[in-house]
Amino acid sequence: MTDFTLRPWRKGDEDALARYADNPNIAANLRDVFPSPYTREDAAAYVESCIQNEGRGQLYRAIEMDGEAVGSISLTLGTDVYRRSAELGYFLGEPFWGRGIMTAAVAAMCREGFGTWDIVRIYAEVYARNTASRRVLEKAGFSLEGTLRRSVYKNGEMLDSCIYALLREETP
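Residues numbered from 1 in each chain as written. Predicted model: local features only at pLDDT ≥ 70, side-chain atom pairs only at ≥ 80, totals over all residues. Heavy atoms only, no water.

Draft legend 1. Broad picture of the overall build of the protein. Looking only at helices and strands, the protein features five helices and seven strands. Reading the helices (α) and strands (β) of the protein from amino to carboxyl end gives β-α-α-α-β-β-β-α-β-α-β-β. Relative to a compact globule of 172 residues, whose C-alpha radius of gyration would be 16 Å, the protein shows 15 Å and is just as compact. Here the protein, with 172 residues, has 46% of them falling under the buried criterion. (Helix = DSSP H or I, 4+ residues; strand = E, 2+ residues; numbered from the N terminus. Rg over C-alpha atoms; globule rule 2.2 N^0.38 Å. Buried < 20%, exposed > 50% of the residue type's maximum accessible area, 1.4 Å probe, protein only.)

Draft legend 2. Representation of the environment of Cys-50 in the model. Topologically, Cys-50 is positioned in helix 3 (residues 40-53). Residue classification places Cys-50 among the buried residues on the basis of a relative accessible area of 2%. Remark: the alpha-carbon pair of Cys-50 and Pro-24, spanning 26 residues in sequence, is separated by 22 Å. Each residue touching Cys-50, except ones within four places of it in the same chain, is listed here: Trp-9 and Tyr-60. (Contact = heavy atoms within 4.5 Å.)

Draft legend 3. Looking closely at helix 5 (residues 131-139). Buried residues of helix 5: Ser-133, Arg-134, Val-136 and Leu-137, and no others. For helix 5, the angular spread of buried residues about the axis comes to 155 degrees, placing them on one side. Across helix 5 from its buried face, at more than 90 degrees, point the exposed residues Thr-131, Ala-132 and Lys-139. The inward-facing, buried residues of helix 5 contact strand 4 (85-92), helix 4 (101-116), strand 5 (121-127), strand 6 (143-154) and strand 7 (157-167). Immediately downstream of helix 5, the backbone of Gly-141 shows phi near 100 degrees, a positive value. (Arc of directions from axis to C-beta.)

Draft legend 4. Geometry of the pairing of strand 3 (residues 68-77). Counting buried positions along strand 3 gives seven out of 10 residues, so the element sits mostly inside the fold. Here strand 2 (residues 58-65) runs beside strand 3; their pairing, made up of eight bridges, is antiparallel. Looking across to strand 3, one finds that Gln-58 is bridged to Thr-76. Connecting the antiparallel pair strand 2 and strand 3 is a turn made up of two residues, with Asp-66 showing a positive phi of about 50 degrees. Two elements, strand 3 and strand 4, share seven bridges in a ladder whose sense is antiparallel. Bridging across to strand 4, Thr-76 finds its partner in Glu-87. (Pairing = 2+ DSSP bridges.)

Following this line, the structure appears as structure tokens:
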């Protein structure tokens, strides 16, 4: 694994974010709210949103390598009856795939989330066919809780999704 840093987003991250996020291989595994193509304007709006909403029930972190943001990881605190849970989301620039970076980033982000909030559970929903992301979660200590059959409509097809979760007491 290569060294990386998790840090808050900041002005100046927009160009690197746009460069790594503008990738149909990334967008294919994320919700439709993730733009594709991903423009510098999209990056500027995302960075600004992360800065403005930090600490308001959300933790946003840039994954930095060699001085630039190469990915994103976030936790969003649940509301109402889900207020003791948080949802994990992430992506990493394709040149950095397969190095163990995201597994380590997920573990670090979960430690931060459990340390910041009075939550008992962090969960993530991934497309069943995204075996790399599923493996990231499993290697970070998450357990598969279930498969939601034909739960997602993405790029003209119905897909299964998988719910993974990590409980506070299971945190490595």
